Amino acid sequence: MWRNRNFLILMFGLAVSSTGLWVGIIGNLEFLQMNVESSFLQALIILAGFLVGIFLAPMAGRIIDRSNKKKILIYAGFARCAAIFFMYLAIAYNNVWWMVVYTLVIGISGTFSQPAMQTMLPLIVKKEELLDANGVNMNIFTASRIVGTALGGVMLVGMSLFSLYTVTLISYVILLISTFFLDVEEQPKKVDSSGKKDNFFRTLKELYPIIKNERKVVYGIFLLIPAYLFLSGFNLMVIEISELQDNAGIKGILYTTEGVCVFIGTYLSKKFFRDNPKLSYMFAITFIIAAAHTSLFLAEHPIMSVLSFGLFGLAAGTLFPVVTTIFQTDVPSDYHGRFFSIKGMVDNIIFQVLMLLTGLFLDTIGFHKMVIGFGITSFLIAFVIYYQYKTKSGPNKNDRMAAVK
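Residues numbered from 1 in each chain as written. Predicted model: local features only at pLDDT ≥ 70, side-chain atom pairs only at ≥ 80, totals over all residues. Heavy atoms only, no water.

- Looking at an unreviewed UniProt entry, the protein chain carries the name MFS family permease, with the source organism given as Fictibacillus halophilus.

The following block contains the structure:
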């Protein structure tokens, strides 16, 4: 894998651009704090990019499936670079509407680039190396988040927002240039000449008969929900824990602990699940995530909060690469673009709903009742899916489970 030129180019571009992305996110928060007083309006502006992605995802998936992935990444790269200039205008004129345009363009770019990158990995990496590749992908994104947020915070102290977004632009340009050096052979796909419009329900109707027979894919989708429950409220919970402990420094410790444990988790996924990613193991990991969420009931104690976030990082770092590998190997390659686009769209909807619920519950029932409620919900989800799995495995377990594992 490490001798694979295309893989190295893709990961290098991802590392640089992801770091720039997080630097830009720090800039976004600073600009909004200076120009928008309402927290609700701030949230709407941040969500604008996600919302446009929701509407475009079905069309994006179909385009990705029938088009050259490299060209899609290049076009998305140009759009990403152009978006920075809208942010320059927003800073120059203190005009929030230019930032809305910037957010929309970034959202459109991500709607195409992220699924295209996920569908490209199986084209450039051998099937037996996919788990390693997905682990590296997750590690790079985690490291970029840590480095990018730290770099953005340092730059805000002594530099202008123009300089900060210039760093983001440079990272996007590096990604765009590196994309031109990719050399991936793709088979031309048939173009749909039916004239039917691309929409969520049509795409879902096409995917359903394919996905329903792939039980590992179906279970994998639902097993991610407990992890989403934790991730969607991650930042809000960190802020709340900091206030509970009256310790601003705990925020950095929690972010770092979770990030380091994600690295360890991806290593464990490669070591133990490379050859046999059994679903039973994935259920166990999901129960660990539920336990990590519930244990935040004791978050007033610094050691317990660190242990909870570390436990979640270990479990998430193991779960996500394995489940992503299952998606890439068990979903037919001709449907990868549509599958990952629809999945990305649904993920965005789930994240936004759960994030709003987290904020609502923190304001109403409080932190402790919320984490207990979310933890119990995660346990119930995992138990119901596990019960369905065991029930459908039937009495003739040896034969049927062999087809699932």
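1. A word on unusual backbone geometry
- Phi is positive for Asn94, which is not a glycine, with a value near 50 degrees.
- Relative to the helices and strands, Asn94 is located in the loop between helix 3 (69-93) and helix 4 (96-124).
- For Asn94, a relative accessible area of 52% puts it in the exposed group. (Helix = DSSP H or I, 4+ residues; strand = E, 2+ residues; numbered from the N terminus. Buried < 20%, exposed > 50% of the residue type's maximum accessible area, 1.4 Å probe, protein only.)

2. So, the layout of surface pockets
- Here the second largest pocket is characterised by a volume of approximately 680 Å³.
- Looking at the second largest pocket, it is lined by 23 residues, and the ones nearest its centre are Ile211, Val218, Tyr219, Ile221 and Phe222.
- Those elements giving two or more residues to the lining of the second largest pocket turn out to be helix 7 (200-211), helix 8 (215-223), helix 9 (225-232), helix 14 (336-364) and helix 15 (367-393).
- In terms of residues, the lining of the second largest pocket owes the most to one element, helix 14, which gives six residues.
- Among the residues making up the lining of the second largest pocket, the classes are represented as 17 nonpolar, one polar and five charged. (1 Å grid on protein atoms, 1.4 Å probe; cavity = no way out; pocket = protein on both sides within 12 Å on 5 of 7 lines; lining within 4 Å. Points joined across faces, edges and corners; volume = space filled by probe spheres on them. Nonpolar A, V, L, I, M, F, W, Y, C, P; charged D, E, K, R; others polar.)

3. A word on helix 9
- Most of helix 9 sits out of view: six of its eight residues are buried.
- The set of residues buried in helix 9 consists of Pro226, Ala227, Tyr228, Leu229, Phe230 and Ser232.

4. Some thoughts on the packing of aromatic side chains
- This structure, assessed with the given rule, holds eleven aromatic pairs.
- Consider the rings of Tyr102 and Tyr165, whose centres lie 6.1 Å apart with planes at 85 degrees: the pair is edge-to-face. Of this pair, Tyr102 sits in helix 4 while Tyr165 sits in helix 6 (residues 161-180); the two residues are 63 residues apart in sequence, bridging distant segments of the chain. Here Tyr102 matches Tyr165 in class, with each residue buried.
- Judged by centre distance (6.3 Å) and plane angle (40 degrees), the rings of Tyr228 and Phe320 are tilted. Of this pair, Tyr228 sits in helix 9 while Phe320 sits in helix 13 (residues 302-330); the two residues are 92 residues apart in sequence, bridging distant segments of the chain. Accessibility classification places Tyr228 together with Phe320 in one group, the buried group.
- Taking the ring centre of Tyr172 as reference, the NZ or CZ of Arg80 above it sits at 5.5 Å. (Phe/Tyr/Trp six-rings, centres within 6.5 Å; stacked < 30°, edge-to-face > 60°. Lys NZ or Arg CZ within 6 Å of the ring centre and 35° of its normal.)

5. A short note on helix 11 (residues 250-272)
- Helix length check: helix 11 (23 residues) gives 32 Å between terminal C-alpha atoms against 33 Å at 1.5 Å per residue, within 8%.
- By the burial criterion, the buried members of helix 11 are Ile250, Leu254, Thr257, Glu258, Gly259, Cys261, Val262, Gly265, Thr266 and Ser269.
- Residues of helix 11 that are buried sit in contact with helix 5 (130-158), helix 10 (234-245) and helix 13. (Expected span 1.5 Å × (residues − 1). Contact = heavy atoms within 4.5 Å.)

6. A few points about the nonpolar core
- Leu296, Phe309, Leu319, Phe339 and Phe367 are the most contacted members of the largest nonpolar core, which totals 51 residues.
- Top contributing element to this core by residue count: helix 13, with ten residues.
- Not counting residues within four places of it along the chain, the set of residues in contact with Leu296 comprises Phe230, Met237, Ile241, Ser308, Phe309, Phe367 and Val371. (Core = buried A, V, L, I, M, F, W, Y, C linked by side-chain atoms within 4.5 Å.)

7. Observations regarding empty space enclosed by the protein
- Inspection of the entire model under this criterion finds one cavity of 30 Å³ or more.
- The wall of the largest cavity is formed by Ile9, Leu10, Gly13, Leu175, Ser178, Thr179 and Leu182.
- Of all the elements in the fold, those that place two or more residues in the lining of the largest cavity are helix 1 (5-35) and helix 6.
- Its residues assigned to classes, the lining of the largest cavity shows four nonpolar, three polar and no charged.

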